[in-house]
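Survey of secondary and tertiary structure
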Amino acid sequence: MLKIGVVGCGGISGAHVPSWEKMEDVDLVAVCDIRPEKAERYPGHKCYTDFDKMLEENDFDIIDICLPTFLHCEFAVKAMNRGINVLSEKPISLKESDVDLLYSTAEKNKVKFMVAQVLRFWNEYEVLKQIYDSKKYGKLLSGSMWRLGGYPSGGWNNWYYDKKLSGSIPFDLHIHDLDFMLYAFGEPKNVSLNRKELPDQDYLSAVYNYDDFFITAEASWFKAGYPFYMGFRFQFEEAVLAFERDGLTIYDCNGNKIKPCESGTENESDFELPSSDAYANEIRYFADCVNENKPVEKVTAESLLAVLKILTGFNE
Ligand SMILES: NC(=O)c1ccc[n+]([C@@H]2O[C@H](COP(=O)([O-])OP(=O)(O)OC[C@H]3O[C@@H](n4cnc5c(N)ncnc54)[C@H](O)[C@@H]3O)[C@@H](O)[C@H]2O)c1
């Protein structure tokens, strides 16, 4: 039974902690947050306000880091130096040099390290990758991805508002779509950026050019209660693949409307993958890598570095 500790019990822990709790082959031993009331939201586990104390008093196989971005690297290194495998929320860091530090620390201590780039575990996005790889609907012509919403409220100590701590929308939000692009389509030839950045709102629209197609991606923290909306639309020679408010749909050139992530629909697809909880999937994947001593192949240092290189240019 793998023994797990979670550090950082704010917003995103609400996706991680229940996933660990539902897994039958793991024991979520302890949770830690400097604000005790945050850790105490998860009864049935030991609660700590001090990460060092949590590490001293327990044996862990995996530490799951759900802390604000600027603390990921320091806490991951500390846990790995104690021989503990680490899963960390994205972004890995705002600094490219931390990628090397983290992977060399993992290697030195013979432990596994993974950044939770959740779109790689999101079935609607996986179907898009499979359709692209298979060429079932011909070549890809263009794509559009979006991740839009209001300024994040509720982050601890307003850390999201400090660009030096959060990296603002390039590192916090747009990173998801960019990471998926590199995973699915490889590195783009070039990128052009338009951005409107004010102290209390931020919007970007970027165009990534590949040899035969281009992808436009938007991200926002608007100064408005705009409801969070993520999705994509990809134009292939023989179909449009759209992940919109009504789920994923393939509109093919014969007039068929196919729902590959819903069971029991009329039109069958070669790419059926039921909608599922991507956070649970990524956590399951990392636990399996640790349990079976398999390499973490789904998220690599090279792709993390390539993403950080592009995003660093966005904030210069
Ligand atoms: N994958 C996703 O879809 C997704 C979504 C949201 C956030 N995130 C990422 O998750 C991370 C956390 O974001 P969040 O929205 O949960 O932030 P948050 O501010 O809501 O939560 C962070 C928690 O860490 C605690 N904390 C701060 N310093 C600490 C310390 N030294 N020791 C222990 N606890 C400490 C805070 O009290 C807070 O409760 C960020 O890196 C963010 O980019 C990912």
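Above this text sits the structure in question.
All of the points below concern the structure found in this document. Model, not experiment: these values are computed from the prediction.

Conventions we followed
- Numbers given for residues are sequential positions, taken from 1 along each chain in its written order.
- Given that this is a predicted model, residues contribute local features only at a pLDDT of at least 70 and side-chain atom pairs are listed and counted only at 80 or more, while totals for whole chains, interfaces and linings are drawn from all residues.
- With hydrogens and water stripped out, all remaining heavy atoms of the structure feed into the side-chain values.
- Note on terminology: near, applied to a residue and a molecule or strand, indicates that one of the residue's heavy atoms is within 4 Å of it.
- Within 3.5 Å is the distance limit for a polar contact, defined as a pair of N or O atoms, with the added protein rule that one can donate a hydrogen and the other accept it, and that residues adjacent in sequence qualify only through two side-chain atoms.
- Each accessible area is a Shrake-Rupley estimate made with a 1.4 Å probe; only the visible protein chains count as cover when residues are assessed.
- For this classification, the nonpolar set comprises Ala, Val, Leu, Ile, Met, Phe, Trp, Tyr, Cys and Pro, the charged set comprises Asp, Glu, Lys and Arg, and every other residue, Gly included, is treated as polar.
- Start and end positions for the domains come from either an automated domain assignment or a database one.
- Stacked, edge-to-face and tilted labels apply to pairs of Phe, Tyr and Trp rings (six-membered ring for Trp) whose centres lie within 6.5 Å, assigned for plane angles under 30 degrees, over 60, and everything in between, in that order.
- Numbering of helices and strands runs from the N terminus, with a helix taken as a DSSP run of H or I at least four residues long and a strand as a DSSP run of E at least two residues long.
- Here's how the labels work: a residue is buried when its accessible area is under 20% of the maximum for its type, exposed when over 50%, partly exposed in between, all with a 1.4 Å probe on protein chains only.
- The contact rule is simple, with two residues in contact once any of their heavy atoms fall within 4.5 Å.
- Any two strands are treated as partners once DSSP identifies two or more bridges connecting them.
- As a rule, the C-alpha atoms of each element are fitted with a line to give its axis, helices using only the stretch in contact, and angles between N-to-C directions run from 0 to 180 degrees.
- Roughly parallel means an angle under 35 degrees; roughly antiparallel, over 145; roughly perpendicular, 65 to 115; everything else is oblique.
- Left-handed describes a crossing in which the near helix is turned anticlockwise from the far one by less than a right angle; the clockwise case is right-handed.
- Remark: nonpolar core denotes a set of buried residues (Ala, Val, Leu, Ile, Met, Phe, Trp, Tyr, Cys) joined through side-chain atoms within 4.5 Å.

Overview of the site of the ligand
The environment of the ligand is made up of 26 residues, and the closest members are Asp33, Trp156, Tyr160, Asp172 and Tyr279. Taking Ile34, its main chain carries an N or O atom lying 3.3 Å from a nitrogen atom of the ligand. Measuring from an oxygen atom of the ligand, one finds a backbone N or O atom of Leu67 at 3.5 Å. Protein burial of the ligand: of its 850 Å² of free accessible surface, 89% is covered by the chains. Its residues assigned to classes, the shell around the ligand shows 14 nonpolar, seven polar and five charged. The two domains that each donate at least three residues to the shell around the ligand are domain 1 (2–116 + 281–288) and domain 2 (120–276).

Quick notes on the packing of aromatic side chains
Overall, the coordinates contain 26 aromatic pairs when judged by the stated rule. Between Trp122 and Tyr279 the ring centres are 6.1 Å apart and the planes differ by 70°, which places this aromatic pair in the edge-to-face class. Taken together, the residues Trp122 in the loop between β6 (113–116) and α6 (123–134) and Tyr279 in helix α9 (residues 278–291) connect sequence positions 157 residues apart. Assessed through its relative accessible area of 21%, Tyr279 is described here as partly exposed. Here the aromatic rings of Tyr132 and Phe185 are separated by 4.8 Å at their centres, their planes lie at 85°, and the arrangement is edge-to-face. On the criterion of sequence distance, the pair formed by Tyr132 in helix α6 and Phe185 in helix α8 (residues 168–185) is long-range, its members being 53 residues apart.

A look at the environment of Asn209
Within the secondary structure, Asn209 is located in strand β9 (residues 201–209). Relative accessible area serves as the criterion here: at 26%, Asn209 is assigned to the partly exposed category. Each C-alpha atom, one on Asn209 and one on Pro188, is 5.6 Å from the other, the two residues being 21 residues apart in sequence. Not counting residues within four places of it along the chain, the set of residues in contact with Asn209 comprises Pro188, Lys189, Asn190 and Phe214. One polar contact links Asn209 to Asn190, side chain to side chain, over a distance of 2.9 Å.

Comments concerning the sheet that holds strand β2 (residues 26–32)
Spatial ordering of the open sheet is given by β3-β2-β1-β4-β5-β6, a layout of six strands whose pairing is parallel. Two strands in the sheet have a free side with no partner beyond their single neighbour: β3 (46–48) and β6. In this sheet, adjacent strand axes meet at a mean angle of 20° when their direction is disregarded. Of the strand pairs in this sheet, strand β5 (residues 85–89) and β6 are connected by four bridges, and their pairing is parallel. Along β6, the bridge assignment pairs Glu89 with Ala116. Sheet strands touched by helix α4 (residues 72–80): β1 (2–7), β4 (62–65), β5 and β6. Its angle to β5, the strand with the most contacts, is close to 170°. Against the sheet, α9 makes contact with β1, β4, β5 and β6, and its axis sits at roughly 160° relative to β5, the strand it touches most.

With respect to the packing of α8 against helix α10 (residues 301–314)
It is the contact of α8 with α10, at a shortest axis distance of 10 Å, that shows an interaxial angle of 135°. Regarding the angle of α8 to α10, the classification is oblique. Crossing geometry of α8 relative to α10 is assigned as right-handed. Judged by residue contacts, Pro170, Phe171, His174, Ile175, Leu178, Asp179 and Leu182 of α8 engage Ser303, Ala306, Val307, Leu308, Ile310, Leu311, Thr312 and Phe314 from α10. For the contact of α8 with α10, the residue count by class is 11 nonpolar, three polar and one charged.

Re the sheet that holds strand β8 (residues 190–198)
Strand order across the open sheet formed by eight strands is β8-β9-β10-β7-β11-β12-β13-β14, with mixed pairing between neighbours. In this open sheet, the two strands that pair with only one neighbour each are β8 and β14 (257–258). Relative to β9, β8 runs antiparallel, the two being bridged by nine bridges. Of the residues in β9, the one forming a bridge with Leu193 is Ala206.

Points about the nonpolar core
Core analysis: the biggest nonpolar cluster contains 106 residues, and Trp20, Ile63 and Phe185 have the highest contact counts within it. Both domain 1 (2–116 + 281–288) and domain 2 (120–276) contribute no fewer than three residues apiece to this core. Aside from chain neighbours lying at most four places away, what touches Phe185 is Leu128, Tyr132, Leu140, Tyr210, Phe213, Ile215 and Phe234.

In short, shape yes, function no, at least from these values alone.
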